[in-house]
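This is what each chain is made of:
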Amino acid sequence: MAKYIVKRMAIGMVTLLIVSTVTFFLMFLVPGGPFLAEKAPSAATLKALEEKYGLDKPVPVQYKNYMLRLLKGDLGTSLKQRGREVNDIIFTRLPVSARVGGWAILVAVVLGVTLGSVAALNRGKAIDNVIVFLSTCGIAVPGFVVCTVLMYFLGAKLNILPTFGLTSYKHYIMPVIALSFYPMSYISRLMRSCMLDVLGQDYMRTAKAKGVSQWAALFKHALRNAILPVVTYLGPLLAYTLTGSFIVEKIFTIPGLGDSFISSITGRDYPLIMGTTIFLAFLVITMNVVVDIVYKLVDPRIKLG
Amino acid sequence: MSQKQPFAIKVGPDKEIPLNFHLNPEDFEPASDSEKEELVTMRESVSFWSDGIRRFRKNKLAMASLVVVIFMMFFSFVLPRFYPYHYAQQIRGSEGLAPFEYSETELAAKEAGEKVFPHVLGTDTLGRDIMARIMMGSSVSILVGLVASAIILIIGSTFGAIAGYFGGWVDIIMMRIVDIIYTVPDFLIIILLSVTLKHPLMALAEKPGFGWINRVGVGLISIFIVFSLLYWVGMARIVRGQVLALKEQEYIAAARALGASHSRIIRKHLLTNCIGTLIVTTTLQIPSSIFTESFLSFLGLGVSAPMPSLGSLAATALDGIYTYPYRLFAPAVTISIIILAFNLLGDGLRDAFDPKLKS
């Protein structure tokens, strides 16, 4: 087990190293370097700035300094928002995104598991067909389509929900639905097929034969086993919620991290782009490693090694 | 027929073999023509393809999705050739028309007896026909899906087949690379690359021989680069798994004994034998590539103007959602139909050609 955890963490570390190295070298492809702005600084200012940030040194030294800074958790300073640290921007924006994303993940997992189980238990009946149909459509509809349809009907036509900002609980409803729609459909498909698999197992018949009540058999035997593959989806789910938040926050004008990332792209704020990328990559990679390890811990059937 | 024996094994409807050690001379007579006829298998032998196609035809949902896919292909590649408006053509005086509305000049032309084709979905603020733009947009989306899947197929199957075939430390190193790439958050890298590659690619396009970069668009090229760097790992894992099982087969040993080279064995024997898996995985890759492209175009990182894509059409229509909702819903519905149809087609192909892969 320890060997597996070490191996998994090592892979995660190497991935992080690669992502940050790629980010560092991509920075050199940007014309004018990191100090490019609408008003080009004078040669003297540029030289002073380069000296200040150590950009006049040879590339290997710069790389070393950059990596050391990253290890300390320093992601640099934003270009457009003068003097603001990237760290500062990330940590004021992140809680907003985390609240919306957290609700979305919760809704996706709870509804997805419920719908998938209901469909599997009523296999072939009308309710199963409805759930399968909805979840098949759900994984085919891009996030921005869900957002705009919700916004048009609930926001503009019926005028029952606010379409921008994040000030009351009502503001959460549409972004959370939009963000959780795809993962909910995915989880319910996954859950349905796993549940059908588990329901056909011998131990389910044994449980029934020894007189376990239907509900106890369902919760203690079927659900516990069928839910395991959903655990492995938690890593990709986080990555999806992050990328989905770019679109959702842009459409519903939510002041979260995704919104700041998108405006940093359109505003060509390179340090902010790089910093946010590395931070989000760190988050996703760590989550993937944690989920993998948790999965091995909760499922005794999986071979360790 | 031998006479009834007290102990006999029944081997046919009216044939029994007596349980004794006396040899029956009848058994050694040459078979008559009618007896030979009986030995011929009644059913024609079914090849891999005809078996798969038969199963696919029975699946109503898959057949329906195939029809939709063919229709969407027709809609995006054939129809624009006969459609009177070009996607980048700005018609003066016809800006911001509603569906089936005519501008004054067009009405005058109609009065004069000329035939004017209606703007089925109206025109945008620059006087471009929206229907023509949606056709072009869906052809861009489908092309991106097809090209990206082809790239993934080539890289993924080669990588996976080499790792699986050679095994040992080659396999360990190659699969470790796959593990690492698998954990890289691909969307972030796509965004990062399409942001930073823009200027170098534009500079490259100025040089002779690289003019095609401008025609394809910097955003699309970044998408293809990322697909070829990151997205093939799923395919590589699947192909490796198949090759690991296939390489133990006798015909591989036979090919090796006959002196076939490694590359010939991989190309002619291993990859051809996982053709079902390759088709299914590639088909299922198409909708996910289209998904990625529409996401990036919606954020303004995909195709560059004036080339439309369904994602960028939806993004530009977002500003006018309250006044012109159809401008938003038309590309939104089109992309959902395309992705859904390809998804169902992939599922159908999987059930027909690769039942083992069912997850």
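Given the structure is predicted, the values throughout are model-derived calculations rather than measurements.

Q: Give me the lowdown on the overall build of chain A, citing residues and values where you can.
A: When you go through chain A residue by residue, the secondary structure sums to 12 helices and zero strands. Looking at chain A residue by residue over its 305 residues, the buried ones come to 47%. Long-range contacts, defined as pairs at least 24 residues apart, comprise 72% of the intrachain contacts of chain A with a sequence gap of at least 6. Of the roughly 15500 Å² of accessible surface on chain A, 68% is carried by carbon and sulfur atoms. Chain A carries 31 positive and 15 negative side-chain charges, and their two centres are separated by 9 Å.

Q: Which residues make up the overall build of chain B, and what are the values?
A: Within chain B, the regular secondary structure consists of 16 helices and two strands. Looking at chain B as a whole, 47% of its 359 residues qualify as buried. Sequence separation of 24 or more characterises 70% of the internal contacts of chain B that already satisfy a separation of 6 or more. Within the structure as shown, chain B displays about 19400 Å² of accessible surface, and the carbon and sulfur contribution to it stands at 64%. Taking the average place of the 31 positive charges on the side chains of chain B and the average place of its 30 negative ones, the gap between the two points comes to 6 Å.

Q: Account for the interface of chain A and chain B, naming residues and giving values.
A: Between chain A and chain B, the contact holds 48 residues from the first and 41 residues from the second. Both sides together, the interface formed by chain A and chain B hides about 3800 Å², and carbon and sulfur atoms give 82% of it. Taken together, the connections running from chain A to chain B amount to one salt bridge. Here chain A and chain B share one residue pair in polar contact (both at pLDDT 80 or more) between them. Counting only elements with at least two residues in the side of chain A that touches chain B, the list comes to α1 (2-26), α5 (126-138), α6 (143-157), α7 (169-199), α10 (228-251), α11 (257-266) and α12 (270-298) of chain A. Each residue belonging to the side of chain A that touches chain B can be placed in one class, and the counts come to 34 nonpolar, nine polar and five charged.

Q: Go over the domain arrangement of chain B with me, naming the residues and quoting the values.
A: Residues and elements named next belong to chain B. On domain assignment, one finds that chain B holds domain 1 (61-88 + 134-357) and domain 2 (90-127). Distance between the C-alpha centres of domain 1 and domain 2: 38 Å. Taken together, the contact between domain 1 and domain 2 spans eight residues of the former and 16 residues of the latter. Interface of domain 1 and domain 2: buried area, both sides summed, is about 770 Å²; carbon and sulfur atoms make up 61% of it.

Q: Quick rundown of the side chain of Thr 283 of chain B? Include the residues and the values.
A: Residue and element names in this part refer to chain B. For Thr 283, the location among the structural elements is in helix α14 (residues 275-298). Relative accessible area serves as the criterion here: at 10%, Thr 283 is assigned to the buried category. Here the side chain of Thr 283 touches Ile 279 through a polar contact of 2.6 Å, landing on its backbone oxygen. Aside from chain neighbours lying at most four places away, what touches Thr 283 is Phe 342, Leu 345, Gly 346 and Leu 349.

Q: I'd like a rundown of the pattern of salt bridges, residues and numbers included.
A: Tallying each qualifying case throughout the model produces 13 salt bridges over all chains. Asp 259 of chain A is paired through a salt bridge with Arg 93 of chain A; the nearest N and O atoms lie 3.5 Å apart. Placement of the pair is Asp 259 of chain A in helix α11 and Arg 93 of chain A in helix α4 (residues 86-121), with a sequence separation of 166 residues. When its relative accessible area of 22% is taken as the criterion, Arg 93 of chain A is described as partly exposed. For Arg 189 of chain A, the salt bridge identified is with Asp 347 of chain B, shortest N-O distance 3.8 Å.

Q: Residues and numbers for the confidence of the model for chain B, please.
A: All names here are of chain B. Confidence in the prediction for chain B averages 82 pLDDT; 94% of positions are at 70 or higher. Mean pLDDT in chain B bottoms out at strand β2 (residues 15-18), which sits at 70, and peaks at helix α5 (residues 130-166), which reaches 91. This complex was scored by the predictor with a pTM of 0.80 and an ipTM of 0.79.

Q: Tell me about the environment of Pro 185 of chain B, residues and numbers included.
A: Relative to the helices and strands, Pro 185 of chain B resides in the loop between α6 (168-183) and α7 (186-196). Those residues in contact with Pro 185 of chain B that sit more than four places away from it in its chain are Ala 281, Val 284 and Ile 285 of chain A.

Q: Any details on the packing of aromatic side chains? Residues and values, ideally.
A: Residues and elements named next belong to chain A. Within the structure shown, the criterion is met by 21 aromatic pairs over all chains. Each ring, one from Trp 215 and one from Phe 219, has its centre 6.1 Å from the other, and the planes form 25°; the classification is stacked. Remark: Phe 219 and Trp 215 occur in helix α9 (residues 214-226); sequence separation between them is four residues, near one turn of the helix. What makes Trp 215 exposed here is its relative accessible area of 60%.

Q: Summarise unusual backbone geometry; cite the residues concerned and give the values.
A: Phi is positive for Thr 253 of chain A, which is not a glycine, with a value near 40°. Examined against the element boundaries, Thr 253 of chain A turns out to sit in the loop between α10 and α11.

Q: Can you explain helix α3 (residues 59-71) of chain A? Please cite residues and give values.
A: All names here are of chain A. Between its first and last C-alpha atoms α3 spans 18 Å; for 13 residues at 1.5 Å apiece the expected length is 18 Å, and the two agree. All of the buried residues along α3 are Gln 62, Tyr 66, Met 67 and Leu 70. When α3 is viewed along its axis, its buried side chains cluster within an angular range of 130° and face the same direction. Facing away from the buried side of α3, by more than 90 degrees, are the exposed residues Pro 60 and Leu 71. On the buried face of α3, the contacting elements are α1 and α12.

Q: With reference to specific residues and values, describe the state of the cysteines.
A: Counted under the stated rule, the structure contains zero disulfides over all chains. The thiol of Cys 147 of chain A is not disulfide-bonded; the next cysteine sulfur, from Cys 137 of chain A, is found 17 Å away.

Q: Run through the environment of Ser 135 of chain A, naming residues and quoting values.
A: All names here are of chain A. Along the chain, the position of Ser 135 falls in helix α5. Each C-alpha atom, one on Ser 135 and one on Leu 150, is 17 Å from the other, the two residues being 15 residues apart in sequence. Setting aside residues up to four positions removed in sequence, Ser 135 forms contacts with Ser 185, Ser 188 and Arg 189.

Q: Tell me about the confidence of the model for chain A, and name the residues and values.
A: Here chain A averages 83 in pLDDT, while 93% of its residues score no lower than 70. Model confidence for chain A, summarised as mean pLDDT per element, is weakest for helix α2 (residues 43-52) of chain A at 74 and strongest for α4 of chain A at 91.

Q: Residues and numbers for the packing of α5 of chain B against helix α10 (residues 218-231) of chain B, please.
A: Residue and element names in this part refer to chain B. The interhelical angle for the contact between α5 and α10, taken along N-to-C directions, is 30°, at an axis separation of 9 Å. Between α5 and α10, the angle is such that the two are roughly parallel. α10 is crossed by α5, and the crossing has right-handed handedness. Touching Val 144, Val 147, Ala 148, Ile 151, Ile 152 and Ile 155 of α5 are Leu 220, Phe 224, Phe 227, Ser 228 and Tyr 231, all from α10. Here the contact of α5 with α10 is composed, by residue class, of 10 nonpolar, one polar and no charged.

Rules and cut-offs
- Residues numbered from 1 in each chain as written.
- Chains lettered and ligands numbered in written order.
- Predicted model: local features only at pLDDT ≥ 70, side-chain atom pairs only at ≥ 80, totals over all residues.
- Heavy atoms only, no water.
- Helix = DSSP H or I, 4+ residues; strand = E, 2+ residues; numbered from the N terminus.
- Buried < 20%, exposed > 50% of the residue type's maximum accessible area, 1.4 Å probe, protein only.
- Contact = heavy atoms within 4.5 Å.
- Areas by Shrake-Rupley, 256 points an atom, 1.4 Å probe, with all protein chains shown as cover.
- Lys, Arg positive; Asp, Glu negative; His and termini not counted.
- Charge placed at Lys NZ, Arg CZ, Asp CG, Glu CD.
- Buried area = accessible area lost by both parts, 1.4 Å probe.
- Salt bridge = Lys/Arg side-chain N within 4 Å of Asp/Glu carboxyl O.
- Polar contact = N/O pair within 3.5 Å; in protein donor to acceptor, adjacent residues only side chain to side chain.
- Nonpolar A, V, L, I, M, F, W, Y, C, P; charged D, E, K, R; others polar.
- Domains from an automatic or database assignment.
- pLDDT = per-residue confidence, 0-100.
- Phe/Tyr/Trp six-rings, centres within 6.5 Å; stacked < 30°, edge-to-face > 60°.
- Expected span 1.5 Å × (residues − 1).
- Arc of directions from axis to C-beta.
- Disulfide = S-S within 2.5 Å.
- Axes fitted to C-alpha atoms, helices over the stretch in contact; angles between N-to-C directions.
- Parallel < 35°, antiparallel > 145°, perpendicular 65-115°, else oblique.
- Left-handed = near helix turned anticlockwise from the far one by under 90°.

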